[in-house]
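# Report on the structure
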Amino acid sequence: MKGMKRWISVLLAMSVLMLCIPSRAAGKTPRVVRVAFPQVKGLTETAEDGTRYGMVVDYLNEIAKYTGWEYEYIDTESQTMVDDFLDGKFELMGGTYYAEGFEAFFAYPDYNTGYSKSILLARQEDRSIRTNNLESLNGKTIGVYENAKENIRRLKEFLAFNGFHCTLKYYSSESFTDGNLYARLENGEVDLLQGNSTEGGDQFRVAAAYDSQPFYLVTNIGNQEVLDGLNMALEKITDANPSFGAERYAAHYPDRMSASVQLTEGELAYIKEKGHVTVAVLKNWHPLFCADETDDSHNGLVPDLLREVSAYSGLEFSYIYANTYMQAIQMVKRGDVDMLGFFLGTEADAADMGLALTAPYVNMNNIIIRNKASSYPGENLVCAIVEGQRLPGDIHAAKVVAYPGVREALSAVNRGEADIIYGLSARMERDIQTYQFVNLVPVTIVNDSDDLNFALMRPADPDLLTILNKALGSLSTDQKTELLNRNMVSMGAGNLSIIDIMNANPLLFILILSLFLAAVMTAVLLVNRSHTKAVIMENNLEKAEAESRAKGDFLSRMSHEIRTPMNAVMGLTDLTLMKNNMPEDVRENLIKIQSSSRYLRDLINDILDMNRLDSGMLSIAREPFSLGQLLDELQGMMENEAKRRGLSYTLEQDITHNDLTGDVIRLRQVLTNLLSNAFKFTEPGGSVCLRVIEKGSSDAGAEYSFRVSDTGVGVSEEDQKRIFSSFEQVGTNYSRSQGTGLGLAISSSIVELMDGRLKVKSKPGCGSEFYFTITLPYGAPVAAAKESRESLAKSGLLRGIRVLLAEDNDLNAEIIMQLLETQEAEVIRCENGRLAAEQFENSEVNAIRVILMDIQMPEMNGYEATRAIRGMDRPDAKTIPIIAMTANAFAEDVRAAADAGMNAHLSKPLDVEKMWSTLRGVLEGGAQE
């Protein structure tokens, strides 16, 4: 028996034991299954934060959806896990192979969990074995492990199918060194070594790959409950997606699906002779080449990539700087350099210019930037573009003007000389930020991106082109993504020269110049000081007002851009929650998404109102709310975050009065800020606790103490004096980088508006406790109000009502239409304001009962469409209810809607219950806000 157990241990040394989840018991407590968890690449791995992942974990998570099982992962070693499994320490092993006689020790389910890949490993320096020519395998000696009978059988099939005659050299477990046969390949005893997808390392390369034997999740002999659960779940998984196992294998072994490509002898000779390759680049062209960056955290994607190419091939690269992109192209075409560092365009564009492209090394997004006074799409547009770049056919402009560089093109659009510019998003956004172009607005283009390639003169040097393509192909997707992310650094505004200021903001430059000349004239002519002082004060006031307007424009634009996708998230959640026969756990997750989305919406509102807090205009609402419901929502939000960070989070509450009156949004904001800070400054394994205690009560209200404590790094006495100031942060550099430094300042101001004071107790290394006490009046029960809203939503509110919807965003329109149709409304959708006005004009009188109007739409915006409808000569033009439904949510937007003739205003993301209430109000004759 001991010999058999040892034999099994060796054969399964690289398999990962998988957790099999039993069926849920009759009671509410889920079945917990013990799973062996060795660290095997691709199968069972543990991240730095403790997260378990791998092909086995993917299957376990999928199985749990059908069985309700939960798992206890038990760390183990491959050398001992089989013995421990046979002794009953685990109930499940994953990644287990089948061999004759194993069924006496393992209970196998009827279905496997995918097939492994067998590979043939070769020495890196063995040039006689070529991965692009399988014939080079013929006549070689292959080392195999004698007990891996199924793998040997499949190897023989692979060799026979290809007509290869190879010698197989069999090894027993006594031939192992450190648990493997690598030494036999390394010393030249064999030419190739049979292995699986988890093996290899940097000293060997994959010469060939082919399908091998299946993986199984196995349980203990006699554990029928777990075996039945496995069979049931795996049958359902296979029936739903027959390719599930293959997809999971490809996801975790992306670089083992094909053989490694090696350089030929001819290519190595070329490299030795060539030695040096010159590359044309632009000296400071973020994020591709960043030679002039003051921040040395990144050099650019091109030099980082070429360092990898150099490591693969041995070629050395040097850079020749061009002043413009077009000049760099001409340098390649004249033969002044060997290659271009990056080409902006398609294969067809390159061919037209006499260039040959390598394989792409990255895919990056493009964007359109427009002048504030222009609209896109539109008529008679002038498009700026970088000289040497082509405008795609789906970007429409009446005229295209080429400029030497991105900065010059952006400056032209900023001045109004051109209407739009098209190009690489990362580059243009960086220049807008650096040079402070204040008249530019981005226009997002869906699914618009281009591959970036190196470019050579056509016809290309065949050896150089092939070497570059092989080197790029040797990099995994993860490696390329890591290189790109390293260089996508968002930098603050740089030092501006006089020319920069003049180009970015001519008015500001003239103002500064005027002030300077005025000061010189004052000194020379000794004019009246009081007059000079008055002029300076007036100019400063104008500057402050301009900055305030710029801030307002930015906040308005960001509000619209954030609220539009938020409306889709919340709308789809609400629609899904309306479906019947939904699993309870799915419904609970959707309710948590709904709660978190609503909080995010409210938090966006708070951030956009920061200027009110700065000016002392922020007010505290007085609305009924449930303290218990607030704490439950916080519990659901914070538990998942705590688990992700490896922390213990607890909520302790002792409250008598639950229904209160106050500002629940800002109270939630304060508690969330305090808890988020505690999580951020507490190391994994630590604990965070929220305590809410009702300290006393009277006829009017109750006094509550809120305390957030942690076991984190703590705050020094010196830092405690400034921690509640704006833009102040303490802690490690990493922790400080995770926030704005406004959280505690905002929280402290909100608590003061609630007649409380936020305080802190802390010592370095001993954790912190933030606490405050406030008194809240009693309020009406929230549950009753909620039931009333729910009954409204289910009442067929809009039965027989024809609604005209003006919305240019297809996804938002689809969501709103589905919501209205749940209330049995008949919905007519128009894509812009002009079509909406025409639809109403051509309809019969009183046929349309209400209009929902977006504001920012092409051709005619919502304000213009409303004025057009109100000015029509028909009886219902003045009386039909028109409701603004828009991501423009500031107070001035509400006033603008009323001035245009609208009856009510709904801001995105939509509050569905408020929408029902508003519709009922306007249909019954009253405007709702």
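Scoring rules and cut-offs
- Residues numbered from 1 in each chain as written.
- Predicted model: local features only at pLDDT ≥ 70, side-chain atom pairs only at ≥ 80, totals over all residues.
- Heavy atoms only, no water.
- Helix = DSSP H or I, 4+ residues; strand = E, 2+ residues; numbered from the N terminus.
- Buried < 20%, exposed > 50% of the residue type's maximum accessible area, 1.4 Å probe, protein only.
- Contact = heavy atoms within 4.5 Å.
- Areas by Shrake-Rupley, 256 points an atom, 1.4 Å probe, with all protein chains shown as cover.
- Salt bridge = Lys/Arg side-chain N within 4 Å of Asp/Glu carboxyl O.
- pLDDT = per-residue confidence, 0-100.
- Pairing = 2+ DSSP bridges.
- Axes fitted to C-alpha atoms, helices over the stretch in contact; angles between N-to-C directions.
- Parallel < 35°, antiparallel > 145°, perpendicular 65-115°, else oblique.
- Phe/Tyr/Trp six-rings, centres within 6.5 Å; stacked < 30°, edge-to-face > 60°.
- Lys NZ or Arg CZ within 6 Å of the ring centre and 35° of its normal.
- Arc of directions from axis to C-beta.
- Left-handed = near helix turned anticlockwise from the far one by under 90°.
- Nonpolar A, V, L, I, M, F, W, Y, C, P; charged D, E, K, R; others polar.

### Focus: the overall build of the protein chain
- The helix and strand tally for the protein chain stands at 31 helices and 36 strands.
- Residue burial in the protein chain is summarised as follows: out of 929 residues, 48% are buried.
- For the protein chain, the share of sequence-separated contacts (at least 6 apart) that also reach a separation of at least 24 residues comes to 74%.
- Total accessible area on the protein chain is roughly 45100 Å²; 50% of this is exposed by carbon and sulfur atoms.

### Overview of the pattern of salt bridges
- Inspection of every chain in the model, using the stated rule, returns 35 salt bridges.
- Here R834 makes a salt bridge to E859, at a shortest N to O gap of 2.5 Å. Separated by 25 residues along the polypeptide, R834 in helix 28 (residues 833-842) and E859 in the loop between strand 34 (850-853) and helix 29 (862-870) bring together distant segments of the chain.
- Judged by relative accessible area, R834 falls into the partly exposed class, the value being 30%.
- The exposure class assigned to E859 is exposed, which follows from its relative accessible area of 60%.

### Remarks on the confidence of the model for the protein chain
- Per-residue confidence for the protein chain gives a mean pLDDT of 82; residues scoring 70 or more make up 80%.
- Mean pLDDT per element in the protein chain: helix 24 (residues 733-736) is the minimum at 41, and strand 1 (residues 32-37) is the maximum at 96.

### Some words on the sheet that holds strand 9 (residues 167-171)
- Here we have five strands laid out as an open sheet, ordered 9-8-10-7-11, and mixed in their pairing. Strands with a single pairing partner mark the edges of an open sheet, and in this sheet they are strand 9 and strand 11 (204-214). Strand after strand, the sheet turns through a mean of 30 degrees between neighbouring axes, direction not considered.
- Strands strand 7 (115-123), strand 8 (141-145), strand 9, strand 10 (192-196) and strand 11 of the sheet are contacted by helix 4 (residues 149-162), whose axis makes an angle of about 110 degrees with strand 11.

### Re the sheet that holds strand 34
- Read from one edge of the open sheet, five strands run 33-32-34-35-36, paired in parallel fashion. If you trace the sheet from one side to the other, it starts and ends with strand 33 (826-830) and strand 36 (904-907), each paired once. Taking the axes of each pair of neighbouring strands and ignoring which way they run, one obtains an average angle of 20 degrees across the sheet.
- Bridge count between strand 35 (residues 882-886) and strand 36: four bridges; the pairing is parallel.

### As for the packing of helix 2 (residues 55-67) against helix 6 (residues 224-240)
- Orientation of helix 2 relative to helix 6, taken along the N-to-C sense of each, is 105 degrees, at an axis distance of 9 Å. Relative to helix 6, the element helix 2 is oriented roughly perpendicular. Packed against helix 2, whose contacting residues are Y59, E62, I63, Y66 and T67, the element helix 6 presents G229, L230, M232, A233, L234, K236, I237 and A240 at the interface.

### Some points on the packing of aromatic side chains
- Scanning the entire structure with this criterion turns up 19 aromatic pairs.
- Aromatic pair Y325 and F342: ring centres 6.2 Å apart, planes at 10 degrees, arrangement stacked. Placement of Y325 in helix 10 (residues 325-334) and of F342 in strand 17 (residues 339-343) is noted, with a sequence separation of 17 residues between them. Considered together, Y325 and F342 belong to a single accessibility category, that of buried residues.
- Centre to centre, the rings of Y361 and F454 are 4.6 Å apart; their planes meet at 40 degrees, and the pair counts as tilted. One end of the pair, Y361, is in the loop between strand 18 (355-357) and strand 19 (362-371); the other, F454, is in strand 24 (residues 449-457), and 93 residues separate them in sequence. With respect to burial, Y361 and F454 carry one shared label: buried.
- Three or more aromatic residues link up through ring pairs in this structure, and these residues are F85, Y98, F102, F106, Y108 and Y216.
- When the ring centre of Y771 is taken as reference, the NZ or CZ atom of R707 above it lies at 4.4 Å.

### Observations concerning helix 7 (residues 244-252)
- Buried within helix 7 are the following residues: F244, G245, Y249 and H252. For helix 7, the arc enclosing every buried residue in end-on projection is 130 degrees, short of the 170-degree limit, so these residues lie on one face.
- Contacts made by the buried residues of helix 7 are with helix 2, strand 7 and helix 6.

### Some words on unusual backbone geometry
- Looking along the chain, the bond that leaves H286 and enters P287 is cis, with omega of 0 degrees.
- Relative to the helices and strands, P287 resides in the loop between strand 14 (284-285) and strand 15 (289-290).
- With omega at -5 degrees, the peptide bond leading from R458 into P459 counts as cis.
- On the secondary structure map, P459 appears in the loop between strand 24 and helix 14 (462-474).
- Backbone geometry at D178 places phi at a positive 55 degrees, although glycine is not the residue there.
- Tracing the backbone shows D178 in the loop between strand 9 and helix 5 (182-186).
- The backbone phi angle of E859 is positive, close to 70 degrees, even though this residue is not glycine.

### Here's the deal with the packing of helix 22 (residues 664-680) against helix 25 (residues 743-753)
- At their nearest, the axes of helix 22 and helix 25 sit 9 Å apart, and the two run at 145 degrees to each other. Like other packed secondary-structure pairs, helix 22 and helix 25 cross with a definite hand, here left-handed. Between helix 22, through R666, Q669, V670, N673, L674 and N677, and helix 25, the contact on the second element is made entirely by G743, L744, I746, S747, I750 and V751.
- Of the residues contributing to the contact of helix 22 with helix 25, the split by class is six nonpolar, five polar and one charged.

### Description of helix 8 (residues 265-274)
- For helix 8, the full list of buried residues reads E267, Y270 and I271. Along the axis of helix 8, the buried residues cluster in a sector spanning 100 degrees; they form a single face. Along helix 8, the residues that are exposed and aim more than 90 degrees away from the buried face are E265, K272 and E273.
- Packed against the buried residues of helix 8 are helix 9 (301-313) and helix 14.
- One or two positions beyond helix 8, positive phi appears at G275, with a value near 70 degrees.

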